[in-house]
Amino acid sequence: MSKFIVRGGNVLTGNVKVSGAKNSVLPIIAASLLGEEGVSIIRDAPPLDDVMTINKVLEFLGAGVTYEDEVIRVDAQNLVSCEAPYEWVRKMRASFLVMGPLLARMGHTRISLPGGCAIGTRPIDQHLKGFEAMGAEINLGQGYIEAKSNGRLRGAKIYLDVASVGATENIMMAATLAEGTTLIENAAKEPEIVDLANYLTSMGANIRGAGTGVIRIEGVDKLRGVEHTVIPDRVEAGTYMMAAAITGGDVFVEGAIADHLGPVISKLQEMGITIDVQENGVRVTANKPLKSVDVKTLPYPGFPTDMQSQMMALLLKSEGTSVVTETVFENRFMHVEQFALMNAEIKVEGRSSIITGSAKLTGAKVVATDLRAGAALIMAGLVAEGTTEVGGTHHIDRGYVNLAEKLSGLGANIFRISMDEDAVAEEAPKVKHEVVEEVNLFNIQPTWA
Ligand SMILES: CC(=O)N[C@H]1[C@@H](OP(=O)(O)OP(=O)(O)OC[C@H]2O[C@@H](n3ccc(=O)[nH]c3=O)[C@H](O)[C@@H]2O)O[C@H](CO)[C@@H](O)[C@@H]1O
Ligand SMILES: C=C(OP(=O)(O)O)C(=O)O
């Protein structure tokens, strides 16, 4: 157990390198299960807890997995199990992404109901609706979901009620080996979907339209292991861009792909921040007072929900009042209570938060309520008066490679300390709803629907 200690006041300058995208590498590792021949080599795989977790799931299934110098090798030629147990799936909901590949390849799979960050109920009905349309029989019991198909899956036309990233990925992977054509309508368009489609295509799959709202997959007989380099993490890149901006700094974010960061860049520019898009990254210079802006999260290419809490931290330092509206997850404002401990004034009204700018933030003991909230609290700590202690580091370790080291490299005063179990218990956060009840995962609608 550990904590980040941040002392505010330093301006960030210099160069920071973005790691491979967590949300690309996880489905890509899952997709490696489809490789009946050869070995997959996945480059720029970030050393994150989530990556270690999904590697364990694959090993449990019988795949040979090695991880060295950000390169993962997966030999999935001989799988021995089609079951992903609670122990791993509860840690990370992306483990559920093995369902599509296992069902397609083995015709049978049993997966524990997924856990993960408590940012919403996060149902999986759209994944299951897709598998059922392709001929799978789905059963639920004892906390597990079982899917079986009588022979090969069959191609189908599947309209997603919500443009779910995970459902698009899971169905796309299942469809690669199905008989005939699958059409995914209202598909998610995130860059990570395109990265996964590119990987599957080089494995031998036949996929058209990834990155648009309609994806067409013609099933093939077999896929093989191939080499692939994961795209840079747009959320990590955006986090460093905002961290630079909050301190009034000047930082080059190496590897950031501006095309993947459209709405983030637009909002930062509206705030008066200078963005210089270069061939191999983006330079962020913030040398003027920040203007307040309103932000609404949306599926890609809208403003990403995974950048909402970091944006809120930045808006606390802008001049004026801003409104942030969260439309993707119904419980993604838990960081507001934590910001309040740092003297922030934010009012939550339904799915919007009203943020009073020019905040005089003060250091406090806070806790990361989810992965991105952790990064946002650290950002607030960079400009707070005094020392901020950020607990809940297990959330942050799911998605940020060497966060303290990368920020220190830019001049931040941040380090990590270990805590013994007693100290952790003593400091246990008073956070509500830490675990979302795993009920009705099949058809829960967002509360505002
Ligand atoms: C590992 C990974 O890639 N995680 C990302 C992925 O999560 P994830 O794939 O879980 O997110 P989804 O796109 O599926 O969720 C979007 C919305 O759809 C709802 N929904 C989803 C599936 C379903 O079957 N039914 C349903 O109603 C969810 O509750 C949520 O309100 O996309 C999210 C939205 O950009 C990001 O915040 C996560 O970082
Ligand atoms: C919500 C996130 O991830 P996950 O879907 O893995 O919980 C995230 O990356 O911010």
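In every chain, residue numbers begin from 1 and rise along the written sequence. Here chains are named by letter from A upward and ligands by number from 1 upward, in the order in which they appear as written. Restriction of local features to residues with pLDDT of at least 70 applies here, the model being predicted, together with a cutoff of 80 or more for giving and counting side-chain atom pairs; totals for whole chains, interfaces and linings are based on all residues.

- Per an unreviewed UniProt entry, the protein chain is named UDP-N-acetylglucosamine 1-carboxyvinyltransferase, and its organism is Paenibacillus shirakamiensis.
- UniProt positions are given in the numbering used here, feature names are shortened, and annotations may be inferred rather than shown by experiment. One UniProt comment on the protein chain, placed under Pathway (unreviewed entry), says "Cell wall biogenesis; peptidoglycan biosynthesis."
- In its Function (unreviewed entry) section, UniProt records this for the protein chain: "Cell wall formation. Adds enolpyruvyl to UDP-N-acetylglucosamine."

Things to note about the domain arrangement of the protein chain
In step 1: Residue ranges assigned to each domain were obtained from an automatic or database domain assignment. Domain boundaries assigned for the protein chain yield domain 1 (2-19 + 232-426) and domain 2 (22-229).
In step 2: Computed from C-alpha coordinates alone, the two centres of domain 1 and domain 2 are separated by 30 Å.
In step 3: Note that contacts rest on C-beta atoms placed from the backbone: two residues are in contact if these are within 7 Å. On the domain 2 side, the residues contacting the 18 residues of domain 1 number 16 residues.
In step 4: Put simply, Ala, Val, Leu, Ile, Met, Phe, Trp, Tyr, Cys and Pro go in the nonpolar bin, Asp, Glu, Lys and Arg in the charged bin, and everything else, Gly too, in the polar bin. Here the side of domain 1 that touches domain 2 is built from residues that sort into six nonpolar, five polar and seven charged.

Details of the site of ligand 1
In step 1: As a structural note, the neighbourhood of ligand 1 is formed by 23 residues, with Asn23, Gln126, Ser164, Val165 and Gly166 the closest of them.
In step 2: Breaking the shell around ligand 1 down by element, the ones donating at least two residues are α1 (22-31), α5 (125-133) and α6 (165-175).
In step 3: For the shell around ligand 1, the class distribution of residues is 11 nonpolar, seven polar and five charged.
In step 4: Per-domain counts for the shell around ligand 1 show at least three residues from each of domain 1 (2-19 + 232-426) and domain 2 (22-229). Throughout this description, a residue near a molecule or strand is one whose C-beta atom, derived from the backbone, lies within 6 Å of it. Going along the chain from the N terminus, every DSSP run of H or I of four or more residues is numbered as a helix, and every run of E of two or more is numbered as a strand.

Re the pairing of strand β9 (residues 136-141)
In step 1: Pairing of β9 with strand β10 (residues 144-149) involves six bridges; the strand directions are antiparallel. Among the inter-strand pairings, glutamate 137 is bridged to a residue of β10, identified as lysine 148.
In step 2: Where β9 hands over to β10, the hairpin turn is made up of two residues, of which glutamine 142 adopts a positive phi near 50 degrees. We call two strands paired when DSSP finds no fewer than two bridges between them.

Focus on α5
Because each turn of an α-helix spans 3.6 residues, side chains separated by three or four positions in sequence point in the same direction.
In step 1: Here the C-beta atoms are placed from the backbone, and a residue counts as buried if at least 20 other C-beta atoms lie within 10 Å of its own, exposed if 12 or fewer do, and partly exposed otherwise. Considered for burial, the residues of α5 that qualify are Gln126, His127, Leu128, Gly130 and Phe131.
In step 2: Looking at the buried positions of α5, the neighbouring elements they touch are α4 (99-106), β9, β10, β11 (157-159) and α6.
In step 3: Note on α5: the residue one or two positions beyond its end, glycine 135, has a positive phi of about 100 degrees.

Focus: helix α8 (residues 234-246)
In step 1: Expected span, for any helix, means 1.5 Å times one less than how many residues it has. Relative to the 18 Å expected for 13 residues at 1.5 Å per residue, α8 spans 18 Å between its end C-alpha atoms, a close match to the ideal helical length.
In step 2: Burial analysis of α8 places 13 of its 13 residues in the buried class, which makes it a mostly covered element.

Digging into the confidence of the model for the protein chain
In step 1: Scored between 0 and 100, pLDDT is the confidence that the predictor attaches to each residue. On average, the protein chain scores 92 in pLDDT, and the residues at 70 or more come to 93%.
In step 2: In this model residues 430-449 is a low-confidence stretch, pLDDT under 50, and it forms 23 contacts with partners more than four residues away in sequence or in other chains.
In step 3: In the predicted complex, the global pTM is 0.94; the interface-specific ipTM is 0.99.

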